[in-house]
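Spelled out, the chains give:
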Amino acid sequence: WGPRTRKWRPGLAAVPRGWREPELERGLAAERRRGVEARARDPPPAHRAHPRHPRPAVQPSARRMDSANGGLGSGDNAPTTEALFVALGAGVTALSHPLLYVKLLIQVGHEPMPPTLGTNVLGRKVLYLPSFFTYAKYIVQVDGKIGLFRGLSPRLMSNALSTVTRGSMKKVFPPDEIEQVSNKDDMKTSLKKVVKETSYEMMMQCVSRMLAHPLHVISMRCMVQFVGREAKYSGVLSSIGKIFKEEGLLGFFVGLIPHLLGDVVFLWGCNLLAHFINAYLVDDSVSDTPGGLGNDQNPGSQFSQALAIRSYTKFVMGIAVSMLTYPFLLVGDLMAVNNCGLQAGLPPYSPVFKSWIHCWKYLSMQGQLFRGSSLLFRRVSSGSCFALE
């Protein structure tokens, strides 16, 4: 068979015996004898394919390659890999901590600087509250540069505990092989895959959130001490003793329910929206061609475009859904510091809330459910209530 024409091409072996030269005939006979002797010495395996249709070489699985080469999935290097993830997470947490610190102070309603008069895109005069950079400069003036990292230690411990918990759960409850959803799957099959994957993610997120939430509460209270210049929560161990003595065991889990609800709504909303877009709006019919080739002129171009769109869909949906679930984050953070003996959790900054639902209703009536979601262009709304020093 020819590689291009797909038609039969007669070779030398197909030429009648009488038409060949004697030397050529003797050479062909010797070649046959050598082939027979070689096959007798080293017989081919039973699964060897036809010489005209060779099978592709079997590639080792990812798990076998990891175990052979000492990759990320090998058992010997698993602790090293987990430590690497913890170290990378600690670095990202430390770099982003000033942003979270300023955001929390804005969430509790602490506005130490008066608003300034400015104009919007329509030319109207509006009042703008200090942006993140102005707020950060004020903190540096009061506490110095080290003041931007108040409450960092318990937050690092919280993120490390969350990472270790997720890694341990993956070892105890390994995820099943979940195939990628495409528009070739019927609605029931593809939706079943998404539900299975999201349920597994939700289980890991809820368990890690519950275990790390006490350290999150301590971090929040350490940061909001900037408002009243208190020093009640100075260290992790001393903070644990104070919370347990004053509020009992439930004091470590204040604000947990809205955080859990926010995580659950975020996971299901993001995964379901990304699923419907990827499965029913992104066309991957070109993947039916051999090897996933798009067309003869540009092989694989259309299929790679479909994969690229799918890789960004979940990221974009995550940003959109995170804005919708922001009120859960706000209510959870406010409940973590409410009525804990600090000025930031007491009037005039905040009333004493009976429950997180009471807090949600209060913020909704004030029009402040998205307070602190923007840190650059912060306009003074008609229903805003903040305390000025």
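All figures in this text were calculated on a predicted structure; none of them were measured in a lab. (Residues numbered from 1 in each chain as written. Predicted model: local features only at pLDDT ≥ 70, side-chain atom pairs only at ≥ 80, totals over all residues. Heavy atoms only, no water.)

## With respect to the layout of surface pockets
Phase 1 of the analysis: When its volume is computed, the largest pocket comes out at roughly 1500 Å³.
Phase 2 of the analysis: Lining the largest pocket are 43 residues; nearest its centre among them are Arg155, Gln205, Arg209, Asp263 and Leu329.
Phase 3 of the analysis: Sorting the residues of the lining of the largest pocket by element identifies α3 (78-107), α5 (152-172), α6 (187-228), α8 (256-280), α9 (301-324) and α10 (326-337) as the ones contributing at least two each.
Phase 4 of the analysis: No other element matches the eleven residues that α3 contributes to the lining of the largest pocket.
Phase 5 of the analysis: In the lining of the largest pocket, the residues fall into 18 nonpolar, 19 polar and six charged. (1 Å grid on protein atoms, 1.4 Å probe; cavity = no way out; pocket = protein on both sides within 12 Å on 5 of 7 lines; lining within 4 Å. Points joined across faces, edges and corners; volume = space filled by probe spheres on them. Helix = DSSP H or I, 4+ residues; strand = E, 2+ residues; numbered from the N terminus. Nonpolar A, V, L, I, M, F, W, Y, C, P; charged D, E, K, R; others polar.)

## Remarks on a nonpolar patch on the surface
Phase 1 of the analysis: Side chains of Tyr312, Phe315, Val316 and Ile319 sit close together on the surface and give an oily, nonpolar patch of about 450 Å² of accessible area.
Phase 2 of the analysis: Structurally, Tyr312 can be placed in helix α9.
Phase 3 of the analysis: Classification of Tyr312 as exposed rests on a relative accessible area of 56%. (Patch = residues over 30% accessible without salt bridge, like charges linked within 9 Å, V, L, I, M, F, W, Y side chains within 5 Å. Areas by Shrake-Rupley, 256 points an atom, 1.4 Å probe, with all protein chains shown as cover. Salt bridge = Lys/Arg side-chain N within 4 Å of Asp/Glu carboxyl O. Buried < 20%, exposed > 50% of the residue type's maximum accessible area, 1.4 Å probe, protein only.)

## With respect to the UniProt feature "transmembrane region" (unreviewed entry) in the chain
Phase 1 of the analysis: When the UniProt feature table is mapped onto this chain numbering, "transmembrane region" (unreviewed entry) sits at residues 249-269.
Phase 2 of the analysis: Annotated as 67% helix and 0% strand, the span residues 249-269 places its first and last C-alpha atoms 32 Å apart. (UniProt positions renumbered as here; feature names shortened; annotations may be inferred.)

## Examining the pattern of salt bridges
Phase 1 of the analysis: Under the definition given, this model contains six salt bridges.
Phase 2 of the analysis: Between Arg378 and Glu111 there is a salt bridge, with the nearest N and O atoms lying 2.2 Å from each other. Remark: Glu111 occurs in the loop between α3 and β1 (116-119) and Arg378 occurs in strand β3 (residues 378-379); sequence separation between them is 267 residues. Glu111 carries the same exposure label as Arg378, and that label is buried.

## Observations concerning the sheet that holds strand β2 (residues 125-129)
Phase 1 of the analysis: Spatial strand order, β1-β2-β3: three strands in an open sheet with antiparallel pairing. In this open sheet, the two edge strands, each paired with only one partner strand, are β1 and β3.
Phase 2 of the analysis: Strand direction decides the pairing type here: β2 and β3, joined by two bridges, are antiparallel. What sits directly across from Leu129, in β3, is Arg378. (Pairing = 2+ DSSP bridges.)

## Focus on the side chain of Thr165
Phase 1 of the analysis: Mapped onto the elements, Thr165 comes out in helix α5.
Phase 2 of the analysis: Not counting chain neighbours up to four residues away, the residues in contact with Thr165 comprise Val207, Ser208 and Leu211. (Contact = heavy atoms within 4.5 Å.)

## Points about the packing of aromatic side chains
Phase 1 of the analysis: Taken as a whole, this structure holds six aromatic pairs when the rule is applied.
Phase 2 of the analysis: Ring centres of Tyr138 and Phe226 lie 6.2 Å apart, and the angle between their planes is 90°; this geometry places the pair in the edge-to-face category. One end of the pair, Tyr138, is in helix α4 (residues 132-143); the other, Phe226, is in helix α6, and 88 residues separate them in sequence.
Phase 3 of the analysis: On the basis of relative accessibility, which here comes to 17%, the residue Tyr138 falls in the buried class.
Phase 4 of the analysis: Grouped by ring-pair contacts, the aromatic residues Tyr101, Tyr138 and Phe226 constitute a single cluster. (Phe/Tyr/Trp six-rings, centres within 6.5 Å; stacked < 30°, edge-to-face > 60°.)

## Points about the environment of His216
Phase 1 of the analysis: The topology assignment puts His216 in helix α6.
Phase 2 of the analysis: Each C-alpha atom, one on His216 and one on Leu256, is 9.8 Å from the other, the two residues being 40 residues apart in sequence.
Phase 3 of the analysis: Ignoring anything within four residues of it in the chain, the contact list for His216 reads Ser158, His259 and Asp333.

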